[in-house]
Amino acid sequence: MEYEYSYKVDDLKEFLDYINSNYEFIKKYKEKRVIYRNNDTIARITFIDDDIYLDFKENKISDDPLIVRKESKQVKIDNLENCEDILSFLNYKKDNTLLRYRSIYEKNNIKFEIDEYIEPNHAYVVSFEGDKEICDSVNEDIKMLLKKEI
């Protein structure tokens, strides 16, 4: 089960200052993600460097920054055509494609993902996931940073 807060923000500076002060930088990479939908679930084919991955999530969309949903582990795939054929057989329909830079930070059972979207629209998203109690506590800090942004 995924327990995640996610915020679309206008600028990353305040958030990066906070995250860099409290969490360890893990990696940054460019990612292309193709989303497929089938009723209550989504399938995602993700391209990172020369690797391709498939995973699934519950298709929950909300205006609430907190989302709790089931999520599968990523599976590395070696044949895109076969993967798309299987998704088609399972009635998944291609929905959209995202292109972004993702930076990962971690510490104390929490993972931050900082996304700089390139396509289809330019945007910044700060999200973090992990243990409920820790995420709820960190969310109080993030809400203070959000107030500064206004």
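Fair warning: this is a prediction, and the values are worked out from it, not measured in the lab.

**Q** Explain the side chain of Asp 115 here, please?
**A** Residue placement: Asp 115 occurs in strand 8 (residues 110–119). A residue is classified by how much of its surface remains accessible, and Asp 115, at 2% relative accessible area, is buried. Separated by 3.4 Å, the side chains of Asp 115 and Arg 100 make a polar contact.

**Q** Explain the environment of Ile 45 here, please?
**A** Relative to the helices and strands, Ile 45 is located in strand 3 (residues 41–48). With a relative accessible area of 0%, Ile 45 lands in the buried category. A sequence separation of 43 residues divides Ile 45 from Ser 88, and the C-alpha atoms of the two residues are 13 Å apart. Discounting residues that sit within four places of it in the chain, Ile 45 has contacts with Lys 32, Arg 33, Val 34, Tyr 36, Ile 52, Tyr 53, Leu 54, Leu 80, Cys 83, Glu 84 and Leu 87.

**Q** I keep staring at helix 2 (residues 80–89) and nothing clicks. Help me out?
**A** Within an α-helix, residues lying three or four positions from one another point in the same direction, as the helix has 3.6 residues per turn. Among the residues of helix 2, the N-terminal cap falls to Asn 79, whose side-chain oxygen and the backbone nitrogen of Glu 81 are separated by 3.2 Å. Within two residues after helix 2, Asn 91 carries a phi angle of roughly 70 degrees, on the positive side.

**Q** Explanation requested: the sheet that holds strand 6 (residues 75–77) in the structure shown.
**A** Within a sheet, each strand pairs with its neighbour through backbone hydrogen bonds, oriented either parallel or antiparallel. Pairing is antiparallel across the open sheet formed by 9 strands, whose spatial order is 5-1-9-8-7-2-3-4-6. Two strands lie at the open edges of the sheet, namely strand 5 (66–69) and strand 6, each paired on one side alone. With direction set aside, neighbouring strand axes in the sheet form an average angle of 30 degrees. The pairing of strand 1 (residues 2–9) with strand 5 spans 4 bridges and is antiparallel. Within the sheet, the bridge partner assigned to Glu 2 lies in strand 5 and is Arg 69. Docked against the sheet, helix 2 engages strand 2 (24–38), strand 3, strand 4 (51–58) and strand 6, running at close to 170 degrees with respect to strand 3.

**Q** Is there a simple way to think about the pattern of salt bridges in this case?
**A** Where charged atoms from two side chains of opposite charge come close, those side chains can pair. Using the criterion set out here, one finds 19 salt bridges in the structure. Of the charged contacts, one joins Lys 57 and Glu 71 as a salt bridge, the two residues approaching to 3.6 Å between their closest N and O atoms. In this pair, Lys 57 is assigned in strand 4 and Glu 71 in the loop between strand 5 and strand 6, connecting sequence segments 14 residues apart. The class of Lys 57 is buried, set by a relative accessible area of 8%. We note a salt bridge from Lys 132 to Asp 136, for which the minimum N-O separation is 2.7 Å.

Calculation criteria
Residues numbered from 1 in each chain as written. Predicted model: local features only at pLDDT ≥ 70, side-chain atom pairs only at ≥ 80, totals over all residues. Heavy atoms only, no water. Helix = DSSP H or I, 4+ residues; strand = E, 2+ residues; numbered from the N terminus. Buried < 20%, exposed > 50% of the residue type's maximum accessible area, 1.4 Å probe, protein only. Polar contact = N/O pair within 3.5 Å; in protein donor to acceptor, adjacent residues only side chain to side chain. Contact = heavy atoms within 4.5 Å. Pairing = 2+ DSSP bridges. Axes fitted to C-alpha atoms, helices over the stretch in contact; angles between N-to-C directions. Salt bridge = Lys/Arg side-chain N within 4 Å of Asp/Glu carboxyl O.

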